[in-house]
Amino acid sequence: MAVRAKLKQVAKERLKDKEYLEAVDWMDDGLQVKLKVQIDKETGDAVFDFTGTSPEFYGNLNAPEAVTSSAVIYSLRCLVADNIPLNDGCMLPVKIIIPKGSFLSPSDTAGVVGGNVLTSQRVTDVILTAFGAQACSQGCMNNFTFGGDGCPSYYETIAGGNGAGPTWNGTDATQCHMTNTRITDPEILERRFPVVLEEFSIRRGSGGKGKFNGGNGVTRRVKFLRKMTFSILSERRSLAPRGYAGGEDGQKGLNLWIRNPGTPEERIIHFGSKNSTVASPGDVFVIATPGGGGYGQQ
């Protein structure tokens, strides 16, 4: 009942002169997530229609249908003011249309590892944008891994900026939306792995400005003490998290590989959003995560 009541409220307040809510956003590779939400003003029944979303991707950003369904459930629970448990009744008034063959409903041979950790974030941003509930958050989990050559494997996701809302500033340096993992303490990281954490700080000024400001991302700087392979799987390096209602966009993220730092042979290499290579002892990897979008004009 709480979800249905919220949908009726949204229809009354936001569908006065239009037939549906809509939003569209893109992944860094150009993949489009398109959404139209139709709501029956009398019953509160809603249709979330992702028709127009890009086709299956030749890469790993495809997302099984369950990922999109989970993003819809998550967003609806965020919109409802009551503290309701996760239950099947949340979805009784909701129908979800996901076009077959799109990258939100790919074939069973499609690569999907990035769907759960990256595409899910974009789907959530699109839903909350359609409802006018929040500016875009960092839109990424910043998946960072290293290991090999005798070094045990390590995997972490890294915080960023949360989008601002109609009455609040976005939170700095937080795991946004469904990225609810905790990061390893620096002392434990350096004790168990051959790395030095040279910096882990709030990336000041990366949140978008507005009546309410977006949250700031973080800067994480890791020095490798021995040869090993490292990889990054990230988003919002080409397209910034968007502001809402006149709020400014958050800053894009940035990944840098610094070879031979502090020597005449130092090279700073733009690493892109998704890449993997072998680091030499002394190399440094810098991950600057995106800030959240601002909400409303200053």
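Read on for a plain summary of the structure. (Residues numbered from 1 in each chain as written. Predicted model: local features only at pLDDT ≥ 70, side-chain atom pairs only at ≥ 80, totals over all residues. Heavy atoms only, no water.)

**Some words on the pattern of salt bridges**
Side-chain pairs of opposite charge can arise where the charged atoms are in close proximity. Here the structure, examined in full by the defined rule, presents 12 salt bridges. Across the pair Glu235 and Arg122 runs a salt bridge whose closest N-O atoms are separated by 2.9 Å. Taken together, the residues span a long stretch of sequence, with Glu235 in the loop between strand 9 (228-233) and strand 10 (254-259) and Arg122 in helix 3 (residues 113-130) at a distance of 113 residues. Residue Arg122 is classed as buried on the basis of its relative accessible area of 0%. A salt bridge links Asp283 to Arg259; its shortest N-O distance comes to 3.9 Å. (Salt bridge = Lys/Arg side-chain N within 4 Å of Asp/Glu carboxyl O. Helix = DSSP H or I, 4+ residues; strand = E, 2+ residues; numbered from the N terminus. Buried < 20%, exposed > 50% of the residue type's maximum accessible area, 1.4 Å probe, protein only.)

**Quick look at the sheet that holds strand 8 (residues 217-224)**
With respect to topology, 5 strands assemble into an open sheet ordered 7-8-13-10-11, the strand pairing being antiparallel. Each of the sheet's edge strands pairs with one partner strand only, and the pair in question is strand 7 (195-203) and strand 11 (267-270). Going from strand to strand, the sheet's axes swing by 15 degrees on average, the running direction of each strand aside. Relative to strand 13 (residues 284-288), strand 8 is paired through 5 bridges, and the arrangement is antiparallel. Bridging from a neighbouring strand, Arg220 pairs with Ile287 of strand 13. (Pairing = 2+ DSSP bridges. Axes fitted to C-alpha atoms, helices over the stretch in contact; angles between N-to-C directions.)

**Re the sheet that holds strand 5 (residues 143-148)**
Read across the sheet, 4 strands follow the order 6-5-9-12 without closing on themselves; strand pairing throughout is antiparallel. Looking at which strands have only one partner, the edges of the open sheet turn out to be strand 6 (151-157) and strand 12 (274-279). Between one strand and the next, the sheet's axes are offset by a mean angle of 10 degrees, whatever the strand orientation. Summarising the sheet, strand 5 and strand 6 pair through 5 bridges and their orientation is antiparallel. Residue pairing across strands places Gly148 opposite Cys151, the latter belonging to strand 6. On top of the sheet, helix 3 reaches strand 5, strand 6, strand 9 and strand 12; it is set at about 50 degrees to strand 9, its chief contact. (Contact = heavy atoms within 4.5 Å.)

**Some thoughts on helix 1 (residues 2-14)**
Taking 1.5 Å per residue, 13 residues should reach 18 Å; helix 1 reaches 18 Å between its end C-alpha atoms and fits that length. Restricting attention to buried positions, one finds in helix 1 the residues Val3, Leu7, Val10 and Ala11. All buried residues of helix 1 lie within an arc of 100 degrees about the axis, which places them on one face of the element. (Expected span 1.5 Å × (residues − 1). Arc of directions from axis to C-beta.)

**Re the pairing of strand 3 (residues 46-49)**
Consecutive residues of a regular strand have side chains that alternate between opposite faces of the sheet. Here strand 3 shows a buried face lined by Ala46 and Phe48 and an unburied face lined by Val47 and Asp49. Both strand 2 (residues 32-39) and strand 3 contribute to a ladder of 4 bridges, which runs antiparallel. Bridge pairing in strand 3 places Val37 opposite Phe48. Count of turn residues in the strand 2/strand 3 antiparallel hairpin: 6 residues, of which Gly44 carries a positive phi of about 80 degrees.

These values are about where atoms sit, not about what they do.
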